[in-house]
Amino acid sequence: AGVGTGGTMCGVAKYLKEKNPAVYTVGIDTYGSVFKKYKETGIFDPAEIYPYKTEGIGEDILPANVDFDLIDEFIKVTDKDAAIMTRRLAREEG
């Protein structure tokens, strides 16, 4: 799922993991955002921050709503890939 301020992703992840601890959660993070590196290293790196066009995912801060213990992995996506997949999901999943 996309992770912006973290409320939806972490709320859903918490609920699902309470029901089934084997649930594996994956957050989508855009290039220019700090989440993936922070999850993997514990380092907030301002050098990772640069402008991106994708709305609703990624941040240049660490919002209090993001519970990194609930998100098992982050995958980086480009603006282009995010736009293409969003259109595909809308078309196929409606």
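Preceding this section is the structure that the text describes.
Keep in mind that this is a model prediction, so the values were computed, not measured. (Residues numbered from 1 in each chain as written. Predicted model: local features only at pLDDT ≥ 70, side-chain atom pairs only at ≥ 80, totals over all residues. Heavy atoms only, no water.)

Caption draft 1: Molecular detail of the overall build of the protein. Within the protein, the regular secondary structure consists of 3 helices and 2 strands. Order of helices (α) and strands (β) in the protein, N terminus to C terminus: α-β-α-β-α. For a compact globule of 94 residues, the expected C-alpha radius of gyration is about 12 Å, and the protein comes in at 13 Å, within 12% of that figure. Dimensions of the protein, computed from the C-alpha atoms along their principal axes, are close to 40 × 35 × 15 Å. Counting over 94 residues, the protein shows a buried share of 31%. In the protein, the share of contacts with a sequence separation of at least 24, taken over all contacts with a separation of at least 6, comes to 71%. Across the protein, 12 positive and 16 negative side-chain charges occur, with their mean positions spaced 4 Å apart. (Helix = DSSP H or I, 4+ residues; strand = E, 2+ residues; numbered from the N terminus. Rg over C-alpha atoms; globule rule 2.2 N^0.38 Å. Buried < 20%, exposed > 50% of the residue type's maximum accessible area, 1.4 Å probe, protein only. Contact = heavy atoms within 4.5 Å. Lys, Arg positive; Asp, Glu negative; His and termini not counted. Charge placed at Lys NZ, Arg CZ, Asp CG, Glu CD.)

Caption draft 2: Spotlight on helix α1 (residues 7-19). Taking 1.5 Å per residue, 13 residues should reach 18 Å; α1 reaches 18 Å between its end C-alpha atoms and fits that length. Among the residues making up α1, those that are buried are Met 9, Cys 10, Ala 13 and Lys 17. End-on, the buried residues of α1 take up no more than an arc of 85°, which puts them together on one face. Pointing more than 90 degrees away from the buried face of α1 are the exposed residues Thr 8, Glu 18 and Lys 19. Against β1 (26-30) lie the buried residues of α1. (Expected span 1.5 Å × (residues − 1). Arc of directions from axis to C-beta.)

Caption draft 3: Inspection of the pattern of salt bridges at higher detail. All told, the structure shown has 7 salt bridges when counted by the stated rule. Lys 37 is the salt-bridge partner of Glu 48, the closest N and O atoms lying 3.9 Å from each other. A residue pair is termed long-range when its members are at least 10 positions apart, and Glu 48 in the loop between α2 (35-41) and β2 (73-77) and Lys 37 in helix α2 qualify at 11 residues. Overall, the relative accessible area of 27% leaves Glu 48 in the partly exposed class. Here Arg 88 and Glu 92 are joined by a salt bridge, their closest N and O atoms 3.2 Å apart. Pair noted here: Arg 88 and Glu 92 are both in helix α3 (residues 79-93), with a separation of 4 residues, about one helical turn. Each of Lys 37, Asp 45 and Glu 48 takes part in one network of salt bridges that share partners. (Salt bridge = Lys/Arg side-chain N within 4 Å of Asp/Glu carboxyl O.)

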